[in-house]
Amino acid sequence: MPELPEVETVRRGLMPRLVGRRIVRLQQRRRDLRVPLPTKFASRVEGRTVTGIDRRAKYLLIRLDDGQTLIVHLGMSGRMTLYDAETAASHPLDRHDHVVFDMDDGWQVRFNDARRFGLMVLVADEAVPSHKYFKSLGPEPLEDTFTSQVLSARLAGRKTPIKAALLDQKTLVGVGNIYACEALFLAGISPRRSAHTVKGERADRLVEAIKRVLLRSIEDGGSTLRDHVQPGGELGYFQTRFNVYDRAGIACPTRDCGQTVRRLVQAGRSTFYCARCQR
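All values derive from a computational prediction rather than experimental measurement. (Residues numbered from 1 in each chain as written. Predicted model: local features only at pLDDT ≥ 70, side-chain atom pairs only at ≥ 80, totals over all residues. Heavy atoms only, no water.)

This paragraph deals with the packing of helix α1 (residues 4-18) against helix α7 (residues 200-219). One way to put it is that α1 packs onto α7 with a least axis distance of 9 Å and a crossing angle of 40°. One finds that α1 runs oblique with respect to α7. The handedness of the crossing between α1 and α7 comes out as right-handed. In this structure, α1 contributes Leu 4, Pro 5, Glu 6, Glu 8, Thr 9 and Arg 12 to the contact, and α7 contributes Leu 214, Ser 217 and Ile 218. Partitioning the contact of α1 with α7 into residue classes produces four nonpolar, two polar and three charged. (Axes fitted to C-alpha atoms, helices over the stretch in contact; angles between N-to-C directions. Helix = DSSP H or I, 4+ residues; strand = E, 2+ residues; numbered from the N terminus. Parallel < 35°, antiparallel > 145°, perpendicular 65-115°, else oblique. Left-handed = near helix turned anticlockwise from the far one by under 90°. Contact = heavy atoms within 4.5 Å. Nonpolar A, V, L, I, M, F, W, Y, C, P; charged D, E, K, R; others polar.)

Turning next to the UniProt feature "active site" (unreviewed entry) in the protein. Under the UniProt annotation, "active site" (unreviewed entry) lies at Pro 2, Glu 3, Lys 58 and Arg 269. Structurally, the position occupied by Lys 58 is in the loop between β2 (50-56) and β3 (59-64). Assessed through its relative accessible area of 14%, Lys 58 is described here as buried. In this structure Lys 58 touches Pro 2, Glu 3, Leu 4, Val 7, Val 72, His 73, Gln 169, Gly 174 and Gly 176, once residues within four positions along its chain are discounted. One can find Arg 269 in strand β10 (residues 269-273). Each residue touching Arg 269, except ones within four places of it in the same chain, is listed here: Leu 167, Asn 177 and Leu 264. (UniProt positions renumbered as here; feature names shortened; annotations may be inferred. Buried < 20%, exposed > 50% of the residue type's maximum accessible area, 1.4 Å probe, protein only.)

Strand pairing in a sheet relies on backbone hydrogen bonds. The paired strands run either parallel or antiparallel. Taken together, the four strands give an open sheet; going across it, the order is β1-β6-β7-β5, and neighbouring strands pair in antiparallel fashion. In this open sheet, the two edge strands, each paired with only one partner strand, are β1 (23-28) and β5 (79-83). Pairs of neighbouring strands in the sheet enclose a mean axial angle of 15°, with direction left out of account. Against the sheet, α1 touches β5, β6 (97-103) and β7 (108-112), its axis set at about 35° to β5. (Pairing = 2+ DSSP bridges.)

Here Gln 266 shows up in strand β9 (residues 262-266). There is a polar contact of 2.7 Å between the side chain of Gln 266 and the side chain of Thr 271. Excluding its chain neighbours within four sequence positions, the residues that come into contact with Gln 266 are Pro 161, Lys 163, Pro 191, Arg 192 and Thr 271. (Polar contact = N/O pair within 3.5 Å; in protein donor to acceptor, adjacent residues only side chain to side chain.)

Turning to the UniProt feature "domain: Formamidopyrimidine-DNA glycosylase catalytic" (unreviewed entry) in the protein, a few remarks are in order. If you check UniProt for "domain: Formamidopyrimidine-DNA glycosylase catalytic" (unreviewed entry), the listed places come out as residues 2-118 in our numbering. For residues 2-118, the helix share is 22%, the strand share is 36%, and the end-to-end C-alpha distance is 11 Å.

The structure is reproduced here in structure tokens:
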């Protein structure tokens, strides 16, 4: 599933081509994705100008000039791909291109979702913060307000393993399995460690590591393991920088460590770590 860096990469890729442009046509090629598509979808967005594109957690927020926000989640396999007029004309729609936006300058955006776990919902701007998708979410890890003190407070009293706590979107948002493994490695914290013990200097290291990993992945266009592509069609390449994720049995990258990366299963998810470097 796309995590925060992948969604942020999509947001940044769409902004230059969508913001300030008018949607002249919307093609809705099925009734639903994970949930039903908006009622009278085409008539509600055609003629509207995109005024901005934000991100909350793993959701895109496409702002329209009539006070509506199109909430988009990519699900497991969703992608939003840009086509100029010439390329769109020469590339027939794929059977999984479920929603297509034609812009006033000839560019086209295709929402392709083979597994149909994505979603699109239209809500009023003022209703977004309290919407059911957002009202229980934790803080954004890349905001300046996300500090070690904030993280420690959210972990206080929690005896679940720290890896599981990081995947809980009520703790903080957007840090999925890949980035939790990588951040814990950089911070030198065992994924087995009880969450409530991550405070003080440990919390300082972990917050710094989370921000560092996420920002580096965004710079690299995200991680392409299966489905993720950038709006321009480019693959992400952060996977070439993995220290531990999916590297079980391979030597730990820490100089003179001498151990290999291990794998364990926590709450049904694979965790990768170095038992010597992470305590």
